[in-house]
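As a plain string of letters, each chain reads:
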Amino acid sequence: MGKVVAQAIMSLDGYVAKQDNTIGPLFDWLQNGEVEIPTPAGDFAVHLTPTSAEHWRRWVSSIGVLVCGRTLFEVAKGWHGRHTLDVPVVVVTHRVPTEWIEKYPEAPFTFVTDGVASALAQAQRLAGDRVVAVTGGTIARQCLDLGLLDEVAVDLVPLVMGEGNRPFFGKLSTGDVLLGNPSVCVQGDRVTHLVFPVMR
């Protein structure tokens, strides 16, 4: 069974988006290099420095399934039925979007209404020995609270967004969670790629 990894592009003060779900310059590093890499779905290309490109290729090729919440699904308009990484998506939601399913009947999306643990179990069955990537702060926090994460992957951007934004994890119900020393630490241009094991 593959690892469960929460991943985010994050500001120095721990935010992944503003309250209105805009991201400001958080993603600028995806276009500041000379190495062009088309996304797996072919919907656009990133332009990365050589060190970021190597990290990006390794990470993207490891992913078997993406797990997200309904907010991210809505903001991304369901990726029009095909995620940028071209992997199956499991969406944690209170309500199944039947109209969207009717519009994209072939989309490899699974909607789970009975909680994060159930969503991860379904995602792991789909992923096999590949990574289950958890994205979106609310879902990542719930996974961390439940002890379901193996690693936390952060693309850390030297940006301070300030108060009133969306944190990666937010307030945990379990108190502090200790992470180990980074197993990956790659310096890009205006981004540092970090992967931390979750201590158990």
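Look up: the structure comes first, before these words.
All of the points below concern the structure found in this document. Remember, it's a predicted structure, so these values are computed and weren't measured experimentally.

Moving on, we get to the overall build of the chain. Secondary structure summary: the chain contains 5 helices and 12 strands in total. Expressed along its principal axes, the backbone C-alpha trace of the chain runs to roughly 40 × 40 × 35 Å. Across the 200 residues that make up the chain, the buried fraction comes to 50%. Put simply, 61% of the contacts in the chain that link residues at least 6 apart link residues at least 24 apart. Here the chain has roughly 10,300 Å² of accessible surface; of this, 54% comes from carbon and sulfur atoms. Between the mean site of the 16 positive side-chain charges and the mean site of the 21 negative ones, the chain shows a separation of 3 Å.

Looking now at the pattern of salt bridges. For side chains bearing opposite charge, pairing can occur when the charged atoms are close. Tallying each qualifying case throughout the model produces 6 salt bridges. The residue Asp86 makes a salt bridge to Arg82 at a minimum N-O spacing of 3.0 Å. According to the relative accessible area criterion, Asp86 is partly exposed, its value standing at 39%. We note a salt bridge from Arg200 to Asp150, for which the minimum N-O separation is 3.1 Å. In this pair, Arg200 is assigned in the segment after β12 (192-197) and Asp150 in the loop between α5 (137-145) and β9 (151-157), connecting sequence segments 50 residues apart.

So, on to helix α4 (residues 116-127). Compared with the 16 Å implied by 1.5 Å per residue over 12 residues, the 16 Å span of α4 between its first and last C-alpha is a close match. Among the residues making up α4, those that are buried are Val116, Ser118, Ala119, Leu120, Ala123, Gln124 and Ala127. Here the buried face of α4 lies against β1 (4-11), β5 (63-69), β6 (89-92), β7 (109-112), β8 (131-134) and α5. Positive phi shows up at Gly128, right after α4, with a value of about 65°.

One non-glycine residue, Trp79, lies in positive phi territory at about 50°. If you trace the backbone, Trp79 turns up in the loop between α2 (70-75) and β6. The phi dihedral of His80 falls on the positive side, at around 55°, and the residue is not glycine. With relative accessibility at 53%, the residue His80 sits in the exposed group.

Cut-off values and rules
- Residues numbered from 1 in each chain as written.
- Predicted model: local features only at pLDDT ≥ 70, side-chain atom pairs only at ≥ 80, totals over all residues.
- Heavy atoms only, no water.
- Helix = DSSP H or I, 4+ residues; strand = E, 2+ residues; numbered from the N terminus.
- Buried < 20%, exposed > 50% of the residue type's maximum accessible area, 1.4 Å probe, protein only.
- Contact = heavy atoms within 4.5 Å.
- Areas by Shrake-Rupley, 256 points an atom, 1.4 Å probe, with all protein chains shown as cover.
- Lys, Arg positive; Asp, Glu negative; His and termini not counted.
- Charge placed at Lys NZ, Arg CZ, Asp CG, Glu CD.
- Salt bridge = Lys/Arg side-chain N within 4 Å of Asp/Glu carboxyl O.
- Expected span 1.5 Å × (residues − 1).

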